[in-house]
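In case you want the letters, here they are:
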Amino acid sequence: FPKNALSGEEWKFSLLGLGDIVLPGLFISFLYRYDFTQKRTPIIYYVCTISYVLGLATTIAVMHIFEHAQPALLYLVPFCILSSFLTALLRGELSELLAYTEESESEETPEKTPEKTTKK
């Protein structure tokens, strides 16, 4: 992103780190899987994706206002987490979202093996 696009000077750029894209992307993909397994419209996914874009816009705005580089995760994490939690809370799904896991029932409870008895 150009840091000084409005100043008329030669452009100086700031970069997004890999973590600024990967970490929120993992969280957003987790929300999509949650919505998909619930067989509902992926509202939480859509809201979080829009919040991610708003978090990036906030990062860029603060960077231009203060004329210093900003850690993008400082803005992205609250935008993504709060938006998804508030959406789930308003839909009455917060406890389901927090309890969601990818493990199947057979993986959660290991099979009991019969104990061998030894005769003396």
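For the structure, see preceding data.
Residues numbered from 1 in each chain as written. Predicted model: local features only at pLDDT ≥ 70, side-chain atom pairs only at ≥ 80, totals over all residues. Heavy atoms only, no water.

**Student:** Where do I start with unusual backbone geometry in this structure?
**Tutor:** Negative phi characterises most residues that are not glycine, and trans characterises most peptide bonds. Even without being glycine, Lys 39 reaches a positive phi, approximately 55 degrees. Structurally, Lys 39 can be placed in the loop between helix H1 (18-37) and helix H2 (43-66). (Helix = DSSP H or I, 4+ residues; strand = E, 2+ residues; numbered from the N terminus.)

**Student:** I keep staring at the packing of aromatic side chains and nothing clicks. Help me out?
**Tutor:** Aromatic rings considered in pairs are described by the distance between their centres and by the relative angle of their planes. With the rule as written, the count across this model stands at 5 aromatic pairs. With a centroid separation of 6.4 Å and an interplanar angle of 20 degrees, the aromatic rings of Tyr 32 and Phe 36 are classed as stacked. On the criterion of helical spacing, the pair formed by Tyr 32 and Phe 36 is a turn pair, its members being 4 residues apart in helix H1. Judged by relative accessible area, Phe 36 falls into the exposed class, the value being 60%. Arranged with centres 5.4 Å apart and planes meeting at 80 degrees, the rings of Tyr 34 and Tyr 100 form a pair that is edge-to-face. Taken together, the positions of Tyr 34 in helix H1 and Tyr 100 in the loop between helix H4 (94-99) and helix H5 (105-108) put the pair 66 residues apart, joining distant regions of the chain. We note that Tyr 34, like Tyr 100, is buried. Put simply, the rings of Tyr 32, Phe 36, Tyr 45 and Tyr 46 pair up and form one aromatic cluster. (Phe/Tyr/Trp six-rings, centres within 6.5 Å; stacked < 30°, edge-to-face > 60°. Buried < 20%, exposed > 50% of the residue type's maximum accessible area, 1.4 Å probe, protein only.)

**Student:** Help me understand the environment of Ile 43 in this model?
**Tutor:** If you trace the backbone, Ile 43 turns up in helix H2. Spatially, the C-alpha atom of Ile 43 lies 8.9 Å from that of Tyr 32, the residues being 11 residues apart in sequence. The contact partners of Ile 43, leaving out residues within four places of it in the chain, are Asp 35, Thr 87 and Arg 91. (Contact = heavy atoms within 4.5 Å.)

**Student:** What exactly am I supposed to notice about H2 here?
**Tutor:** Since there are 3.6 residues in each turn of an α-helix, residues three or four apart along the chain are aligned in direction. When the terminal C-alpha atoms of H2 are compared, their 34 Å separation across 24 residues agrees well with the 34 Å that a helix rising 1.5 Å per residue should span. Contacts from the buried residues of H2 go to H1 and helix H3 (73-91). Positioned one or two residues after H2, Glu 67 has a phi angle of 55 degrees, which is positive. (Expected span 1.5 Å × (residues − 1).)

**Student:** Help me out: how do you make sense of the packing of H2 against H3 in this one?
**Tutor:** Helix-helix packing is described using two parameters, namely the angle between the two axes and the distance between the axes. Look at H2 against H3: their axes get within 8 Å of each other, and the N-to-C directions meet at 150 degrees. Between H2 and H3, the crossing angle belongs to the class labelled roughly antiparallel. The hand of the H2/H3 crossing is right-handed. Here Ile 43, Ile 44, Val 47, Cys 48, Ser 51, Tyr 52, Leu 54, Gly 55, Leu 56, Thr 58, Thr 59 and Val 62 of H2 come into contact with H3, specifically with Tyr 75, Leu 76, Phe 79, Cys 80, Ser 83, Ser 84, Thr 87, Ala 88 and Arg 91. For the contact of H2 with H3, a count of residues per class yields 13 nonpolar, 7 polar and 1 charged. (Axes fitted to C-alpha atoms, helices over the stretch in contact; angles between N-to-C directions. Parallel < 35°, antiparallel > 145°, perpendicular 65-115°, else oblique. Left-handed = near helix turned anticlockwise from the far one by under 90°. Nonpolar A, V, L, I, M, F, W, Y, C, P; charged D, E, K, R; others polar.)

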